Every structure is written in structure tokens, then in C-alpha cells.
Amino acid sequence: MNYHDITKEDMLNGDGIRVVLWVSGCSHQCKNCQNPITWDKDGGLPFDKKAEDELFEALGKSYIDGITFSGGDPLYSANREEVMRLVKKCRNKFPNKTIWLYTGYSFDEIKNIEGLELIDVLCDGEFVEDLKDNNLQWVGSSNQKVIDVKQTLKTGVTVLHA
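Residues numbered from 1 in each chain as written. Predicted model: local features only at pLDDT ≥ 70, side-chain atom pairs only at ≥ 80, totals over all residues. Heavy atoms only, no water.

So, helix α2 (residues 80-93)
When the terminal C-alpha atoms of α2 are compared, their 20 Å separation across 14 residues agrees well with the 20 Å that a helix rising 1.5 Å per residue should span. Within α2, burial applies to Val83, Met84, Leu86, Val87, Cys90 and Arg91. Angularly, the buried residues of α2 cover 155 degrees about the axis, an arc narrow enough to put them on a single face. Every exposed residue of α2 that faces more than 90 degrees away from the buried side is listed here: Glu81 and Asn92. In the core, the buried residues of α2 are packed alongside β2 (18-23), α1 (49-59), β4 (66-71), β5 (98-102) and α4 (149-155). (Helix = DSSP H or I, 4+ residues; strand = E, 2+ residues; numbered from the N terminus. Expected span 1.5 Å × (residues − 1). Buried < 20%, exposed > 50% of the residue type's maximum accessible area, 1.4 Å probe, protein only. Arc of directions from axis to C-beta. Contact = heavy atoms within 4.5 Å.)

Below is the structure:
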């Protein structure tokens, strides 16, 4: 897996102050995407031990509320295994920090991925230019949902994050 950046103090991609891992690779390639530079799975840098150490050092700071996986698409086929390994490691190492993940896939398309239950909030769906809404919090178009993953999996009904 490749990545473009690790943002160490972000307040735009989830609740609170977050670390954000921006992965490379996306097959959705939404029109007017805010991050087209991340589409190429071979773009950016290899996510190696040094990058992982940097990620977890930043996440370990007491004032950090959690981690957000974005990109590109963290659930792009070339990223999925590594991202879910990192999700599991984050949950084990920092059980009180929240995990957010942005994906262009719909919740129904990915709801059976092993480890998905470890994610707190999933922002799903492709960005659709015709449905763009600057008044939405956390997402860019009205077809996208900000999902409370644990409650949704528990109830079988999509529960939106408050």
C-alpha cells in the first residue's frame, strides 16, 4: 500500500483532533473529487515500518481523539488488507480513540468486511457533483452517509452518526 500523507492534527475529517492517513488508490475517480492526486495506487510513498511508527506516535498523543483513514479510498482492493490490519492495531493499541473511515463504496457493498465492526464511523458513497452540498458536515454530497457502524451492524438498520 502507498500513502500520500499523515496529517497529525486535523479537525476537518471527523470529530475532535485527529490523525489522518491519506492512502493512494481509488477506482471510483469521482468527477471533481477534492483529492484526485490520490487516485493512482502507485502514487505517493510506500507505507513502510517508518510510516507506521510515525502514524502510531502521532496517534499516541493524549490530545488526539482518533484516526481517520481517507485517500484515495482506504477500501480500494489494493489497500483493504493493510488498512484493516491498521484498524485492528489501532483498536487494540488505543481502545478509547475513535476510528473513522471514508470510502466511495456504499455501506451495503462493504458491510461484510472482516474487522469493519472495529470502525466507529464510516463515511460512505461516491462524491456526486450534482448532489454537492456545502452545508453537510463530514461529507460533500447528499448521497453520502455518515454512519455509526457499531449501531448499524447491531440493529441491521443504517444509524447515522449524530
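From this point, things continue past the structure.
A word on α1
All buried positions along α1 are accounted for by Ala51, Glu52, Leu55, Phe56, Ala58 and Leu59. The buried residues of α1 occupy an angular sector of 160 degrees when the element is viewed end-on, so they sit on one face. Looking at α1, the residues exposed on the side facing more than 90 degrees away from the buried face are Lys49, Lys50 and Glu57. The secondary structure elements touched by the buried residues of α1 are β1 (2-10), β2, β4 and α2.

Here's the deal with the state of the cysteines
Enumeration according to the criterion identifies 0 disulfides in this entry. Note on Cys123: no disulfide assigned, nearest cysteine sulfur contributed by Cys30 at a separation of 14 Å. When its relative accessible area of 2% is taken as the criterion, Cys123 is described as buried. (Disulfide = S-S within 2.5 Å.)

What to know about the pattern of salt bridges
Pairing between side chains becomes possible if they bear opposite charge and their charged atoms approach one another. Scanning all chains against the criterion turns up 11 salt bridges. The partner of Arg85 in a salt bridge is Glu52, with the nearest N and O atoms 2.4 Å apart. Here the residue Arg85 occupies a position in helix α2, and Glu52 occupies one in helix α1, the gap between them amounting to 33 residues. Overall, the relative accessible area of 9% leaves Glu52 in the buried class. For the salt bridge of Asp120 with Arg91, the shortest nitrogen-to-oxygen distance reads 2.7 Å. Residue Asp120 is located in the loop between α3 (107-110) and β6 (121-124), and its partner Arg91 is located in helix α2; the two are separated by 29 residues in the primary sequence. Here the two residues Asp120 and Arg91 agree in accessibility, since each one is buried. Via salt bridges that share partners, Glu52, Glu82, Arg85 and Lys89 belong to a single interconnected network. (Salt bridge = Lys/Arg side-chain N within 4 Å of Asp/Glu carboxyl O.)

Points about the pairing of β6
Neither face of β6 is exposed, since Val121 and Cys123 on one face and Leu122 and Asp124 on the opposite face are all buried. As judged from the 4 bridges shared by β6 and strand β7 (residues 145-148), these two strands associate in the antiparallel manner. Considered in β7, the bridge of Cys123 is made with Val146. (Pairing = 2+ DSSP bridges.)

Regarding the nonpolar core
Within the largest apolar cluster, 33 residues are counted, with the highest numbers of intra-cluster contacts made by Leu21, Leu55, Leu59, Phe69, Val87, Ile110 and Ile119. If you list the elements that add at least two residues to this core, you get β1, β2, α1, β4, α2, β5 and α3. Non-local contacts of Leu55, meaning those with residues more than four positions away in its chain, are made with Ile6, Val19, Leu21, Phe47 and Ile67. Grouped together as the second largest cluster of nonpolar side chains are 7 residues, Tyr102, Trp138, Val139 and Val146 included. (Core = buried A, V, L, I, M, F, W, Y, C linked by side-chain atoms within 4.5 Å.)

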